Amino acid sequence: MDYGKERVVALVDMDCFYVQVEQRLNPALKNTPCVVAQYKTWKGGGIIAVSYEARAYGVTRNMWADDAKKLCPDLQVARVRESRGKADLTHYRDASVEVIEVMSRFAVIERASIDEAYMDLTSAVQQRLKSLTDQQIDPQLLKTTHVQGYPEPPPHHEESAPDAATDKEEQRSKGLQQWLCSVSGVDGCAELQLAVGAVIVEEMRAAVEEHTGFRCSAGISHNKVLAKLACGLNKPNRQTILPLDSIPELFNSLPISKIRNLGGKLGASITEMLEVENMGELTRFSQAQLEQHFGDKTGQWLYDLCRGIDFEPVKPRQLPKSIGCSKNFPGKTSLVTRDQVQHWLYQLALELQERLTKDREMNGRVAKQLTVGIRQLGDKKPSSFSRCCALARYDATKISSDSFAIIKSLNTAGNHQAA
Ligand code: DCP
Ligand code: CA
Ligand code: CA
């Protein structure tokens, strides 16, 4: 097996997930420009999910609903439910469980967030390949599949004009057939495994839509980083194969921040220290150079990654690792008295108690540790302080008094004061 092509890994991500959940609850929202917004107190609420119809008007996440309506007067706004004075995401979590259950029928999956999961399809693909005697894949089984880098651009630039005019579906099908020809019939061809993986993912996505009504997109490649990247290339309701030979061309103009785990500090420090913008530029550095700058482990990882290689395994895990809730109090709503802090800690603890109890019943497991994080006025990070303690009982009163004891040490006012 070729180096870096040993596995078939897919990432499935739901399209505008909270919007689809709201559309299923209220079919009048289907096929319309619509958004999900949180809280109404300020400028119509903050947008957290946007339908593709609304995206066409330039509406994006983090806009205020009132501002979005200026871009799109017909915009419909669904509201996140509230309970105990804070956002209640129960609907979306329950919908996520539905989706994950359907996906698990096809492969061992790693839940990566509320609306996405990785899967290692290597053994499922090998099973199917045994029964595929002619090593050919029918393009009819890949009706929503794009292959990144295909069709290959014609060698002469003057011939590219008529191609550019053809529509997206024509390009997709031409590219798919071209790529299938190049991988079919070659015994032991690693890329043929991607094609079989894509057939399985087409079936999985159709099953998800049939059983939940929700649509999703997917990426199919040889590792988690590439699968995640591929998934975003042809959203919504499409899947994309990313073969290793399309990497150099793609990485040539791909900003480093677009890669999983490089969106934050590490990505910024790479750009700064090496003076590079695109992923492909990293191939100019030797492994020793990268190790010198970023340490042995990260250096080695980057050396492989800029060549499209990554060995992180898909971990079998369907359940979230932790259960948590939080609430922000921006600007003037900032909490200033002890009573306020205790009130909200208790509200959060009530939600936690409810969700922990449900989790224990459904999944037969018990949480042992409580982590408390807080953010103070002026902090940039979502949590500037966090400490943990033992969690002995699922009891909101106990959880909130333990939490209060933990964060008390940060208080600069005297203990006898209400401030
Ligand atoms: N979400 C949120 N706040 C964020 C990011 C996401 O509340 N800052 C919620 C709303 C989204 C869901 O999580 O619907 C999934 O997030 P995604 O980033 O996957 O975005 P969408 O599914 O909404 O859209 P896309 O089709 O681009 O994946
Ligand atoms: Ca999504
Ligand atoms: Ca997602």
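Since we're looking at a predicted model, the values are computed, not measured.

Focus on the overall build of the protein
Stage number 1. Each helix and strand in the protein was counted, giving 15 helices and 13 strands.
Stage number 2. Each principal axis of the C-alpha atoms in the protein carries an extent, and together these give about 80 × 55 × 45 Å.
Stage number 3. Within the protein, the proportion of its 419 residues that are buried is 42%.
Stage number 4. Excluding contacts between residues fewer than 6 apart, the proportion of contacts in the protein whose partners are at least 24 apart in sequence is 63%.
Stage number 5. Split by element, the accessible area of the protein, about 22,200 Å² in all, is 51% carbon and sulfur.
Stage number 6. Computed over 53 positive and 52 negative side-chain charges, the separation of the two mean positions in the protein equals 10 Å.

Here's the deal with the environment of Ile259
Stage number 1. Assignment of secondary structure puts Ile259 in the loop between helix 10 (247-252) and helix 11 (265-274).
Stage number 2. Considering only alpha carbons, one finds Ile259 and Leu229, 30 residues apart in sequence, at a separation of 6.8 Å.
Stage number 3. Non-local contacts of Ile259, meaning those with residues more than four positions away in its chain, are made with Val225, Leu229, Phe251, Leu254, Met279 and Leu305.

Some words on the domain arrangement of the protein
Stage number 1. Taken as a whole, the protein is organised into domain 1 (9-15 + 92-153 + 166-245), domain 2 (17-81), domain 3 (253-305) and domain 4 (331-410).
Stage number 2. For domain 1 versus domain 3, the separation of C-alpha centres amounts to 28 Å.
Stage number 3. On the domain 3 side, the residues contacting the five residues of domain 1 number five residues.
Stage number 4. Three residues stand out in domain 1 for area buried against domain 3, namely Lys224, Val225 and Leu229, and they jointly supply 81% of the buried area on that side.

A closer look at the coordination of the calcium ion (ligand 3)
Stage number 1. Around the calcium ion (ligand 3), the protein contributes the donor atoms Asp13 (OD), Asp115 (OD) and Glu116 (OE), which lie 2.2 to 2.4 Å from the metal centre.
Stage number 2. Spacing between the donor residues of the calcium ion (ligand 3) along their common chain follows D-x101-D-E.
Stage number 3. A separation of 3.6 Å is found between the calcium ion (ligand 3) and the calcium ion (ligand 2), both of which receive a donor from Asp13. You can see Asp13 sitting in strand 1 (residues 9-14) and its partner Asp115 sitting in the loop between strand 7 (109-113) and strand 8 (116-120), a full 102 residues away along the chain. For the pair shown, Asp13 and Asp115 are each scored as buried.

As for the sheet that holds strand 3 (residues 46-50)
Stage number 1. Read across the sheet, three strands follow the order 3-2-4 without closing on themselves; strand pairing throughout is mixed. In the strand order of this sheet, the two ends are held by strand 3 and strand 4 (76-79), each with one partner. Across the sheet, the mean angle separating the axes of adjacent strands is 40 degrees when strand polarity is ignored.
Stage number 2. With four bridges connecting them, strand 2 (residues 34-38) and strand 3 associate as antiparallel partners. Residue pairing in the sheet places Val35 in a bridge with Val50 of strand 3.
Stage number 3. On the sheet, helix 1 (residues 17-25) packs against strand 2, strand 3 and strand 4 and is oriented at approximately 105 degrees with respect to strand 2.

Digging into the pairing of strand 12 (residues 369-374)
Stage number 1. Only one face of strand 12 is buried: it carries Leu370, Val372 and Ile374, and the other face, with Gln369, Thr371 and Gly373, is open.
Stage number 2. In the sheet, strand 12 pairs with strand 13 (residues 385-390) via six bridges, with the strands oriented antiparallel. Bridge pairing links Gln369 to Ala390 in strand 13.

Digging into the coordination of the calcium ion (ligand 2)
Stage number 1. Within the protein, Asp13 (OD), Asp13 (OD), Met14 (O) and Asp115 (OD) serve as the donor atoms for the calcium ion (ligand 2), at 2.2 to 3.2 Å.
Stage number 2. All donors to the calcium ion (ligand 2) come from one chain, and their sequence spacing reads D-M-x100-D.
Stage number 3. Classification of Asp115 by relative accessible area gives buried; the value is 13%.

Some details on the site of ligand 1
Stage number 1. Ligand 1 sits among 13 residues. The nearest are Asp13, Cys16, Tyr52, Arg61 and Asp115.
Stage number 2. Here Met14 contributes a backbone N or O atom positioned 3.3 Å from an oxygen atom of ligand 1.
Stage number 3. In this structure, Phe17 approaches ligand 1 through a main-chain N or O atom, which is 3.0 Å from an oxygen atom.
Stage number 4. In isolation ligand 1 offers 560 Å² of accessible surface; the protein chains occlude 69% of this area.
Stage number 5. Secondary structure elements with two or more residues in the shell around ligand 1: strand 1, helix 1, strand 3 and helix 2 (52-55).
Stage number 6. For the shell around ligand 1, the class distribution of residues is seven nonpolar, no polar and six charged.

Quick look at the side chain of Asp15
Stage number 1. Locating Asp15 in the fold gives a position in the loop between strand 1 and helix 1.
Stage number 2. A relative accessible area of 3% places Asp15 in the buried class.
Stage number 3. For Asp15, the side chain forms a polar contact with the main-chain nitrogen of Asn237, separated by 2.8 Å.
Stage number 4. When near neighbours in sequence (up to four residues on either side) are disregarded, Asp15 contacts Gln20, Tyr52, Arg215, Cys216, Ser217, Lys235, Pro236 and Asn237.

Procedures and definitions
Starting from 1, residues in each chain are numbered consecutively following that chain's sequence as written. Ligands are numbered from 1 and chains lettered from A, in the order in which they are written. Given that the model is predicted, a residue must reach a pLDDT of at least 70 before its local features are reported, and side-chain atom pairs must reach 80 or more before they are shown or counted; all residues, however, enter totals for whole chains, interfaces and linings. No hydrogens and no water enter the side-chain calculation; it runs on all heavy atoms of the structure. Strands are runs of DSSP state E lasting at least two residues, helices are runs of H or I lasting at least four, and both sets are numbered from the N terminus onward. Summary of the burial criterion: residues with accessible area below 20% of their type's maximum are buried, those above 50% are exposed, and those between are partly exposed, where the area comes from a 1.4 Å probe applied to protein chains only. What makes two residues a contact is simply this: any of their non-hydrogen atoms within 4.5 Å. Areas reported here follow the Shrake-Rupley algorithm with a probe of radius 1.4 Å; residue values treat only the protein chains shown as occluding. We count Lys and Arg on the positive side and Asp and Glu on the negative side, and we leave His and both chain ends out. For this purpose, a charge sits on NZ of Lys, CZ of Arg, CG of Asp or CD of Glu. Domain segmentation is taken from an automatic or database assignment of domains. For any pair of parts, buried area is found by adding up, for both, the accessible area (1.4 Å probe) each one loses once the two are put together. Note on donors: an N, O or S atom is included if it sits within 2.8 Å of the metal, or within 3.2 Å for Na, K and Ca, and water is never included, so sites can look incomplete. Strand pairing is assigned whenever DSSP detects at least two bridges linking the two strands. Note on definitions: angles span 0 to 180 degrees between N-to-C directions of axes, and those axes are lines fitted to C-alpha atoms, for helices only across the stretch in contact. To be near a molecule or strand, a residue needs just one of its heavy atoms within 4 Å of it. Pairs of N or O atoms within 3.5 Å make up the polar contacts considered here, provided that, within protein, one atom can donate a hydrogen while the other can accept it, and that residues adjacent in sequence are counted only when both atoms are side-chain atoms. Amino acids are sorted into nonpolar (Ala, Val, Leu, Ile, Met, Phe, Trp, Tyr, Cys and Pro), charged (Asp, Glu, Lys and Arg) and polar (every other residue, Gly among them).

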